[in-house]
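Commentary on secondary and tertiary structure
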Amino acid sequence: MHPVRIAPSLLAADFTTLRDEVQSVERAGCDWLHLDVMDGHFVPNLTFGPFIVAAIKKCASKPLDVHLMISDPWQYADAFLDAGSDLLTFHIEVEDGGDVGALLKHIRSRGKQAGLSVQPDTPVERLRPFVNDLDLVLIMSVFAGFGGQKFMTSVLPKVQELRAMGFAGEISMDGGIAAGTIADSAAAGTNVFVAGTAVFGADDRVARIAELRQLAMRARDGGRADTGRASSGSAS
Ligand code: DX5
Ligand code: ZN
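Before going into details, it helps to say that this report is about the structure given with it. (Residues numbered from 1 in each chain as written. Chains lettered and ligands numbered in written order. Predicted model: local features only at pLDDT ≥ 70, side-chain atom pairs only at ≥ 80, totals over all residues. Heavy atoms only, no water.)

With respect to the site of ligand 1
The test is simple: Each residue is tested against the molecule or strand, and it is near if at least one of its non-hydrogen atoms lies within 4 Å. The term polar contact refers here to a pair of N or O atoms within 3.5 Å; inside protein, the definition further demands a hydrogen-donor-capable atom paired with an acceptor-capable atom, and it admits residues adjacent in sequence only when both atoms are side-chain atoms. Per-residue accessibility takes into account occlusion by the displayed protein chains alone, with areas from the Shrake-Rupley method and a 1.4 Å probe. Both cavities and pockets are sets of points on a 1 Å grid over the protein atoms alone; in a cavity a 1.4 Å probe fits but cannot get out, in a pocket the set is open with protein on both sides within 12 Å along at least five of seven lines, and lining residues sit with an atom within 4 Å of a point. Pocket occupancy is defined atom-wise: a molecule lies in a cavity or pocket when more than half of its atoms are within 2 Å of its grid points. Runs of H or I in DSSP of at least four residues are treated as helices and runs of E of at least two as strands, each being numbered from the N terminus. Charged means Asp, Glu, Lys or Arg here, nonpolar means Ala, Val, Leu, Ile, Met, Phe, Trp, Tyr, Cys or Pro, and polar covers whatever is left, Gly included.
Lining the immediate surroundings of ligand 1 are 20 residues, of which Asp36, Gly145, Asp174, Gly196 and Thr197 lie closest. The separation between an oxygen atom of ligand 1 and a polar side-chain atom of aspartate 174 is 2.6 Å. Glycine 176 places a polar main-chain atom, nitrogen or oxygen, 2.8 Å from an oxygen atom of ligand 1. Compared with its free state, where it exposes 380 Å², ligand 1 has 99% of that area covered by protein. The cavity where ligand 1 resides is the largest pocket. Among the secondary structure elements, those contributing two or more residues to the shell around ligand 1 are strand 2 (33–38), strand 3 (64–69) and strand 8 (192–195). Take the shell around ligand 1: its biggest share by element is 3 residues, from strand 2. Partitioning the shell around ligand 1 into residue classes produces 8 nonpolar, 10 polar and 2 charged.

This is how it looks when you write it as structure tokens:
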């Protein structure tokens, strides 16, 4: 079983003090740093490119989990790998633009981990041809583009569908992950939990990451949890 990993999304960080924000969540016990790259085309929002990823790499000690929400990952993959991405994920919805399998193999050939992501309305069946070329699948539990949206429980069955397909890698969920939703996600079989608002918005980030981790671990233990489950499904 893959370990529980908490991956704060820097989309919710204060970019005026980015180094402090990175170091704050690392000290608070996160496992990975999740970086949301948006191009204003694949999604209706813009964030940052390889230059900022490289800056984050300079002040980070945890792995960079880079989530490309861009229409042309073929054009930019090497720039993001050069910038220090440890894991590079792009969206299967860009499939018409090029050879998905070739890009996954290219990422791995550079010694990095390769991931594919699916929007809430994209069936995981589309990932079937690539399951052996993937280290991670990122299941969106909101429509990509913005932080702070409500978790969609309708995506939960995708985790078991992926396992039924023979996918043995890590499964990440992204969007609306918080104390009220993480147990359901973990019980479904997710092991990587991306959380923006829930972590960066917490007064006590140490306590919040510990709480998320504990809720996830208990839910994976078979749901014998005595905390958190009652509020599952809410976005709080
Ligand atoms: C959405 C991004 C997410 C998002 C998560 O497109 O991929 O990583 O920032 O933010 P919260 O946890 O606030 O939903
Ligand atoms: Zn993301």
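Let's talk about the nonpolar core
Rule in force here: What is meant by a nonpolar core is a set of buried Ala, Val, Leu, Ile, Met, Phe, Trp, Tyr and Cys residues, joined one to another through side-chain atoms within 4.5 Å. Partly exposed describes any residue whose relative accessible area lies between the buried limit of under 20% and the exposed limit of over 50%, with all areas from a 1.4 Å probe on protein chains only and scaled to the type maximum. Pairs of residues are marked as contacts when any of their non-hydrogen atoms sit within 4.5 Å.
Formed by 83 residues in total, the largest nonpolar core has its most connected members in Leu35, Val66, Phe90, Leu116 and Ile139. Excluding residues that lie within four positions of it along the chain, leucine 35 makes contacts with Leu10, Phe48, Val53, Ile56, Leu64, Asp65, Val66 and His67.

A look at the pairing of strand 6 (residues 136–140)
We apply this condition: Two strands pair under a simple rule: DSSP has to find at least two bridges between them. By convention, a crossover is right-handed whenever its connection, traced from the first strand over the helix to the second and viewed with the strands pointing away, goes clockwise.
With 5 of its 5 residues buried, strand 6 lies for the most part within the structure. The side-chain alternation of strand 6 yields two buried faces, one formed by Leu136, Leu138 and Met140 and the other by Val137 and Ile139. Alignment of strand 5 (residues 113–118) against strand 6, held across 4 bridges, turns out to be parallel. Among the inter-strand pairings, serine 117 is bridged to a residue of strand 6, identified as leucine 138. Across 5 bridges, strand 6 lies against strand 7 (residues 170–174) in parallel orientation. Paired with valine 137 across the two strands is isoleucine 171, which belongs to strand 7. In the classification by handedness, the crossover that spans strand 6, the intervening helix 5 (residues 157–164) and the parallel strand 7 is right-handed.

Examining the packing of aromatic side chains
Defined as follows: When the centres of two rings from Phe, Tyr and Trp lie within 6.5 Å, Trp using its six-membered ring, the rings pair. Their planes under 30 degrees apart give stacked, over 60 give edge-to-face, and anything left gives tilted.
The final tally for this structure, using the stated rule, is 2 aromatic pairs. On the basis of an interplanar angle of 35 degrees and a centroid distance of 5.9 Å, the ring pair of phenylalanine 15 and phenylalanine 48 is categorised as tilted. Taken together, the residues span a long stretch of sequence, with phenylalanine 15 in the loop between strand 1 (5–8) and helix 1 (18–27) and phenylalanine 48 in the loop between strand 2 and helix 2 (50–59) at a distance of 33 residues. Relative accessible area serves as the criterion here: at 38%, phenylalanine 15 is assigned to the partly exposed category.

Quick word on the sheet that holds strand 3
The pairing of strands in a sheet happens through backbone hydrogen bonds and is either parallel or antiparallel. What counts is decided by this rule: For helices, the fitted axis covers only the stretch in contact; all axes are lines through C-alpha atoms, and the angles between them, taken along N-to-C directions, range from 0 to 180 degrees.
Within the open sheet, the 8 strands sit side by side as 1-8-7-6-5-4-3-2. Their pairing is parallel. Either end of the sheet is taken by a strand with one partner, and the two such strands are strand 1 and strand 2. The sheet shows a mean angle of 25 degrees between the axes of neighbouring strands, taken without regard to direction. Judged from the 4 bridges that link them, strand 1 and strand 8 form a sheet pairing that is parallel. The residue of strand 8 that forms the bridge with isoleucine 6 is phenylalanine 193. Strand contacts of helix 8 (residues 205–220): strand 1 and strand 8, with the helix running at about 140 degrees to strand 1, the strand carrying the most contacts.

By themselves, these are just geometric observations and shouldn't be taken as functional.
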